[in-house]
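Chain and residue survey
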Amino acid sequence: MASPVLTQPSPAPLAPASHPVPAAARPRRIHLGGLGPNFYAAVMGTGIVANGAAALPVALPGLTVFARAVWVLSCVLLVVLMAARAVHLTRHRAAARAQLLEQPATAVFYGCPPMALLAVGFGTLTVGAPLIGTGPAVAADLVLWSAGTLYALAVAAGIPALMITRHRVSVLRADPTWLLPVVAPLVAGALGPALVPHLPAGTPRAAMLYGCYALFGAGLLGVLAVLPVVFAGLVHSKLPALVLTPTLFLVLGPLGQSATAVNQLADAARPAVPGLGPSALHLAVLFGAPVLGFGVLWLLLAAGLNLRAWRAGMPFGMTWWAFTFPVGTMVTGAAGLARHTGFAGFTALAAGLFALLVAAWAVTGVRTVGALAGGRLLAG
């Protein structure tokens, strides 16, 4: 007697369409639910390359063309990202709310959008003016600087307020990303002086100059309040993940940006408040040189620790954009000192840092495009 199992009919073969598709072969669906404010770091990093090229105190073949091309790219990135974030804020409101109110590690990156607006606006005036005309460039920078400054002040006050009242954070676990909200007004104070010569003489110029000094102070003192906490957190708890190691470069941001600010303010003081010009120039040199000195020291420290993390298998992440904007502020700070002192050492420092900046930007940009194309940054 045959076994019942053997006498059962064999199942019909499955149709080709019903075969499961391997996960690796399925198309990755890109959506915007996970799009956070940290993506504006790509705009900042691209904008500072153009701005650094324009400020560089050496003439290199093709440098102007390169600066203009990168500035155009930064404008495109800003427009695309603003549109994507608008979609995110309307279609993914719960995720956007959580990023700000419930996720302190993400909330600190709200310092990036205003700095992106400010960087692109400054590039529009200093790099894009020959392409679009001085009048439109001034108007565009005025709009972007005003929006970026208001945004920066809101973030610089709002994120610390959330840390105090809502976010669950520990100062023993502080990391360099905590600097992002408070440094934003410093960026506004550094880039606003470029508008001074384009304003009506008299009160408008003086108001802009003194306002930028106030923004410089707000950002600098905010950084001085947070930086010791960040260093204590690093020493006590270390960085919790290798992918956060690039954030050590964020400390360079306020250093280079403050050196840039005092040099830009010295340039603006002459047409705005002539009597202040000599003192502003002295401050630019006496403040900027020591700060850049510490910046170079921190650059060596951060580079060494990142090399160690690289050997340990540091993965790619959006944190790699920390290799760009902070180094770019060192370029503009050194370029300002070279402009005001004529010292060849500052010129060489600016040129060397710019070469490092372009290399970091190229590598990080290529890795970002690859990660987006592969669905690793925004995957359904």
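For the structure itself, look to the data block above.
Throughout, residues of each chain are indexed from 1 in the direction in which the sequence is written. Since the coordinates come from a predicted model, pLDDT governs what is reported: local features require at least 70, and pairs of side-chain atoms require 80 or more to be given and counted, while whole-chain, interface and lining totals use all residues. Excluding hydrogens and water, the side-chain figures rest on all heavy atoms present in the structure.

**A closer look at helix H3 (residues 63-91)**
Taking 1.5 Å as the rise per residue, H3 with 29 residues should run 42 Å; its terminal C-alpha atoms sit 42 Å apart, in good agreement. Think of it in three bands: residues with accessible area under 20% of the maximum for their type are buried, residues over 50% are exposed, and the middle band is partly exposed, with areas taken using a 1.4 Å probe on protein chains only. Helical segments are the DSSP runs of H or I of at least four residues, strand segments are the runs of E of at least two, and each set is numbered from the N terminus. Of the residues making up H3, those classed as buried are Leu63, Ala67, Val70, Trp71, Ser74, Cys75, Leu78, Leu81, Ala84, Arg85 and His88. Contacts are assigned to residue pairs with any non-hydrogen atoms lying within 4.5 Å of each other. On its buried face, H3 is in contact with helix H2 (40-55), helix H4 (93-101), helix H6 (112-126), helix H7 (129-132) and helix H14 (344-373). The length a helix should cover is 1.5 Å for every residue beyond the first.

**Digging into the side chain of threonine 177**
Mapped onto the secondary structure, threonine 177 falls in the loop between helix H8 (134-165) and helix H9 (179-191). Beyond its immediate chain neighbours, meaning those up to four positions away, threonine 177 contacts Val108, Phe109, Thr247 and Leu250.

**Things to note about the pattern of salt bridges**
When a carboxyl oxygen of Asp or Glu lies within 4 Å of a side-chain nitrogen of Lys or Arg, that pair is called a salt bridge. Here the structure, examined in full by the defined rule, presents three salt bridges. Between arginine 166 and glutamate 102 there is a salt bridge, with the nearest N and O atoms lying 2.4 Å from each other. On the criterion of sequence distance, the pair formed by arginine 166 in the loop between H8 and H9 and glutamate 102 in the loop between H4 and helix H5 (104-107) is long-range, its members being 64 residues apart. Assessed through its relative accessible area of 39%, arginine 166 is described here as partly exposed. Here aspartate 267 ties to arginine 270 by a salt bridge, and the two come within 3.4 Å at their closest N and O atoms. Within this pair, aspartate 267 and its partner arginine 270 are both found in helix H11 (residues 252-272), separated by three residues, close to a single helical turn. Given a relative accessible area of 22%, aspartate 267 falls into the partly exposed group. What makes arginine 270 partly exposed here is its relative accessible area of 46%. Through salt bridges that share partners, Asp267, Arg270 and Arg339 make up one connected network.

**Points about the state of the cysteines**
Any two cysteine sulfur atoms within 2.5 Å of one another count as a disulfide. Enumeration according to the criterion identifies zero disulfides in this entry. Just so you know, cysteine 112 is unpaired, no disulfide at all, and the nearest cysteine sulfur is the one on cysteine 75, 18 Å from it.

**A look at the side chain of arginine 85**
Within the secondary structure, arginine 85 sits in helix H3. Only four residue types enter the charge count, namely Lys and Arg as positive and Asp and Glu as negative; His and the chain termini do not. With no salt bridge to any partner, buried arginine 85 finds its closest opposite charge in glutamate 102, at an N-O distance of 15 Å. By the criterion applied in these results, polar contacts are pairs of N or O atoms within 3.5 Å in which, for protein atoms, one can donate a hydrogen and the other can accept it, and in which residues neighboring in sequence qualify only through two side-chain atoms. Here tyrosine 110 takes part through its side chain, which lies 3.1 Å from a polar atom of the side chain of arginine 85. Every residue in contact with arginine 85, bar those within four places of it in the chain, is listed here: Leu35, Gly36, Pro37, Tyr40, Gln99 and Tyr110.

**A closer look at the environment of alanine 190**
Structurally, the position occupied by alanine 190 is in helix H9. Between the C-alpha atoms of alanine 190 and leucine 150, which are 40 residues apart in sequence, the distance is 15 Å. With near-sequence residues (within four places) excluded, alanine 190 lies in contact with Gln257, Thr260, Ala261 and Gln264.

**So, the nonpolar core**
We define a nonpolar core as any set of buried Ala, Val, Leu, Ile, Met, Phe, Trp, Tyr and Cys residues linked to one another through side-chain atoms lying within 4.5 Å. In terms of nonpolar packing, the biggest core is built from 117 residues, with Met115, Trp145, Ile159, Phe249 and Leu252 touching the most fellow members. A per-element tally of this core places helix H10 (residues 203-237) first, with eleven residues.

**Concerning the packing of aromatic side chains**
The way to describe two aromatic rings as a pair is by their centre distance and the angle between their planes. In this scheme Phe, Tyr and Trp rings, the latter by its six-membered ring, pair at centre separations within 6.5 Å, and the angle between planes marks the pair as stacked below 30 degrees, edge-to-face above 60, and tilted otherwise. Under the criterion given, the structure shown has nine aromatic pairs. Ring centres 5.9 Å apart and planes at 80° place the aromatic pair phenylalanine 216 and phenylalanine 287 in the edge-to-face group. Within this pair, whereas phenylalanine 216 is found in helix H10, its partner phenylalanine 287 is found in helix H12 (residues 277-311), the two being separated by 71 residues in sequence. Ring geometry for tryptophan 310 and tryptophan 320: centres 6.0 Å apart, planes at 55°, overall tilted. Of this pair, tryptophan 310 sits in helix H12 while tryptophan 320 sits in the loop between H12 and helix H13 (325-341), placing them ten residues apart in sequence.

**Remarks on the packing of H9 against H10**
Where H9 contacts H10, the two axes come as close as 7 Å, and the packing angle between them is 155°. What the angle tells us is that H9 and H10 run roughly antiparallel. Handedness of the crossing formed by H9 with H10: left-handed. Contacts from Leu179, Val182, Val183, Pro185, Leu186, Ala188 and Gly189 in H9 reach Cys212, Leu215, Phe216, Ala218, Gly219, Leu220, Gly222, Val223, Val226, Leu227 and Val230 in H10. Grouping the constituent residues of the contact of H9 with H10 by class yields 15 nonpolar, three polar and no charged. Here, axes are lines fitted to C-alpha atoms. For helices the fit covers the stretch in contact, and angles between N-to-C directions go from 0 to 180 degrees. Each angle receives one of four descriptions, namely roughly parallel if under 35 degrees, roughly antiparallel if over 145, roughly perpendicular if within 65 to 115, and oblique otherwise. By definition, turning the near helix anticlockwise from the far helix through less than a right angle yields a left-handed crossing, and turning it clockwise yields a right-handed one. All residues other than Ala, Val, Leu, Ile, Met, Phe, Trp, Tyr, Cys, Pro, Asp, Glu, Lys and Arg, Gly among them, are scored as polar; the first ten of these are nonpolar and the last four charged.

**Here we look at the environment of valine 43**
Along the chain, valine 43 turns up in helix H2. Spatially, the C-alpha atoms of valine 43 and alanine 116 are 5.7 Å apart, while their sequence positions differ by 73 residues. In this view, valine 43 contacts Ser74, Leu77, Leu78, Leu81, Ala116 and Val120; residues no more than four positions away in its chain are not counted.

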